[in-house]
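# Coordinate analysis (summary)
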Amino acid sequence: MSALTSPTLAVRIGVVVAALVLATLVEIVTDASVPGRMPLFALGATFVLVLGAKQLAKLIQRPLTAEEIATEHLPATAATASDASDEAGSEGVHHG
Amino acid sequence: MAELHPALVLLVGALVVAIAPRRLGGALTVATGLIALAAVVALDSGTTATYAFYTYELVWLQADALSLAFATVFALVTVLAGVYGWSTMGRLERAAALGTAGAGIGVVLAGDLLTLFFFWELKVSTAVLLVFAGRRARSDAAGMRYLGVHLVGGVLLLAGVLWRLIDTGSLEFGPLELNGATGFILVGFLLSAAAIPLNAWLPDAYPESTIAGTVVLSAFTTKSAVYVLARGFAGLELLVWLGVAMAIFGVVYAVLEDDIRRLLSYHIISQVGFMVAAIGVGTEAAINGATAHATAHVLYKGLLLMGVGAVLYATGRSRASTLGGLSRALPWVLVLYLVGAASISGVPLFSGFPAKELAVGSVGDGGYTAAQWLLKLASVGTFLSVALKLPALTWFGEARTRGDEGPARVVRSVPVTMYAAMGLAAAANIAIGIRPALLYDLMPTAVTFEPYTVKKLVEATILLSFTAVGFWLLRARLAPAAKYSLDTDWVYRELPGRLATAVRTDGERRLPRPDLPDLPSMPAPPTRPVIPSWVLGGAIVGAMVLVLAVSVVA
């Protein structure tokens, strides 16, 4: 099955088109702004930010070192026993 | 009658908390915050108090609508932080928090530049203790870097103040015209506002503080810088574009960030960018917009940091790549966090909507249409990273664990005082969202802006909805990874080491290695100091050169 006939892609395209049509209709009915401008701007901005950031990540990101991971645990895990007496939260201890 | 200075209340409270029995610390902290809030509310616009300092008459209290707006929300967040940290803060931490709050309120009520400088440095001195209160090697190192950077900023500020005093004979703090002396002052202010490229200290230091300490830091440091920029440099066009750059820079880094506290720290830079841009426009509406945004930001950013602080408290971790699946264990933290996320994203009926509409709208009305659209782009990034990415990776999906631990993960109970503080902050955000007059009535000048029009509601709803659609399409690309994003601090954290390595390697290549007899093994070298000596030395030498330069020029 080609990418274009993939159900997932079809669903995605369908959702985007339906949302665009709905938003444009709302803009026309309410005379809020230039029809279609704001939805396309928001969608385009999201793509630019996410894809642009991923490209930038290739330049500015590095994996955490073992030392950084080893020292990342914060004092919360080593809280004193006295903290326990202050706790009366409704959410008990969970194992996730 | 002498007025009761709210800063004095907080500073005396800090001393009392520092020596009082530990069990009374929580109550004393909250009570001090409440008294300070009452003292702020009791101040009338136009109130002043002066004192003689050698031949100068300094104004240590000057209340007007602008300063009272900031002082009110500062006092309010002091109370909230006191409640939030009731069962987690140590004695030093409480004293430092009250000291930072007192210094922050002292800054916004200072009527002259020398008094301002005093409270400014007091704020740095107490805030750094909140970073050190993290009590880890990482927080020690981050605290020293924070101190080094702000030492430079303080020296620049003092140099500018003294230069201006010599030039004009005045210490008055009002609108400043940009020249050599005020240029120093401006850079000092911008450093504290985390303006790029002077921003790296913020995401470096804030996540290393304690859970409650981060809430306090986020409220006072950058927001007092926003106040002094609004007071001194309103209408400076440079600030419009600097603010826009900050707004976009912050969200781009937030999109990439794995550590949820660093993510929110980058978001502070972005949100302060909105305020700086509005200050650059400088109209009455824009100053109202910057002030409204700063006021609301203190409340919703405080709530967001309380939410991720609760996650950190419960799980002991703050990287998204080691979180996930917490919706069953911490459902109320999620709900309260989402109130903050809706506020910061400008969702109608939450505090960010009336604040952001006023700020961004004033930028467009000031003739900066391109800047207005770029700020809307940053708004898309805000909703994307704070309201969609962070909750999705923290509370939903599969629970992710670190490689060195088993599949089980313990989630501790969150103290009721944390829930109480988050509940109060959420209530404040919803109240402002439903009734914007609560916010607008605090503004420096009368606000005639109407946020809830059909046009604005439709635009905001469509902007947010289509950002959500974009997130749904691209969510696979936002999968968390244990990575660190290099910032401008690369210049002083990594570049010198690389240069040193390069020079050493080059020297070793050129110099013949002599034949040496076997030497006894040397003891292990001492551990690396928390701050490289070249940083400290450079800061001190830089400070001396600046003072010398100002003396010579004057």
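Residues numbered from 1 in each chain as written. Chains lettered and ligands numbered in written order. Predicted model: local features only at pLDDT ≥ 70, side-chain atom pairs only at ≥ 80, totals over all residues. Heavy atoms only, no water.

## A closer look at helix H10 (residues 237-256) of chain B
The test is simple: Runs of E in the DSSP output that reach at least two residues are strands. Runs of H or I that reach at least four are helices, and both are numbered from the N terminus. Any helix carries an expected span of 1.5 Å times its number of residues minus one. Note on exposure labels: buried denotes an accessible area under 20% of the residue type's maximum, exposed denotes more than 50%, and partly exposed covers the range between, all computed with a 1.4 Å probe on protein chains only.
A rise of 1.5 Å per residue sets the reference length of H10(B), with its 20 residues, at 28 Å; its end C-alpha atoms lie 30 Å apart and thus fit the reference within 8%. Buried residues dominate H10(B), accounting for 15 of its 20 residues.

## Comments concerning the environment of Val228(B)
All names here are of chain B. Within the secondary structure, Val 228 is located in helix H9 (residues 211-232). For Val 228, a relative accessible area of 0% corresponds to the buried category. Through-space distance from the C-alpha of Val 228 to that of Val 108 is 7.4 Å; in sequence the pair is 120 residues apart.

## Observations concerning the environment of Thr210(B)
All names here are of chain B. Worth spelling out the cut-off: Here a residue-residue contact requires only that any non-hydrogen atoms of the pair lie within 4.5 Å.
Following the sequence through the fold, Thr 210 ends up in the loop between helix H8 (201-205) and H9. Residue classification places Thr 210 among the buried positions, given a relative accessible area of 11%. Between the alpha carbons of Thr 210 and Asn 199 there is a distance of 20 Å; along the sequence they are 11 residues apart. If we skip the residues at most four places from it in the chain, Thr 210 touches Glu 93, Leu 130, Ala 133, Gly 134 and Arg 261.

## Considerations on the pairing of strand S2 (residues 56-62) of chain B
Residues and elements named next belong to chain B. Put simply, the rule reads: Any two strands between which DSSP finds at least two bridges are classified as paired.
Of the strand pairs in this sheet, strand S1 (residues 48-53) and S2 are connected by six bridges, and their pairing is antiparallel. Bridging across to S2, Thr 50 finds its partner in Val 59. Counting the residues between successive antiparallel strands, the hairpin from S1 to S2 contains two residues, one of them, Tyr 54, with a positive phi of roughly 50°.

## Some words on the pattern of salt bridges
Residues and elements named next belong to chain B. Note the threshold: In the sections that follow, a salt bridge refers to a side-chain nitrogen of Lys or Arg positioned within 4 Å of a carboxyl oxygen of Asp or Glu.
Under the definition given, this model contains eight salt bridges over all chains. Across the pair Glu 208 and Arg 138 runs a salt bridge whose closest N-O atoms are separated by 3.3 Å. One end of the pair, Glu 208, is in the loop between H8 and H9; the other, Arg 138, is in helix H6 (residues 137-168), and 70 residues separate them in sequence. Classification of Glu 208 by relative accessible area gives buried; the value is 11%. For Lys 376, the salt bridge identified is with Glu 459, shortest N-O distance 3.6 Å. Taken as a pair, Lys 376 in helix H15 (residues 369-395) and Glu 459 in helix H18 (residues 454-474) lie far apart in primary sequence, 83 residues in all. Three or more residues are tied together by salt bridges with common partners; here these are Arg 136, Arg 138 and Glu 208.

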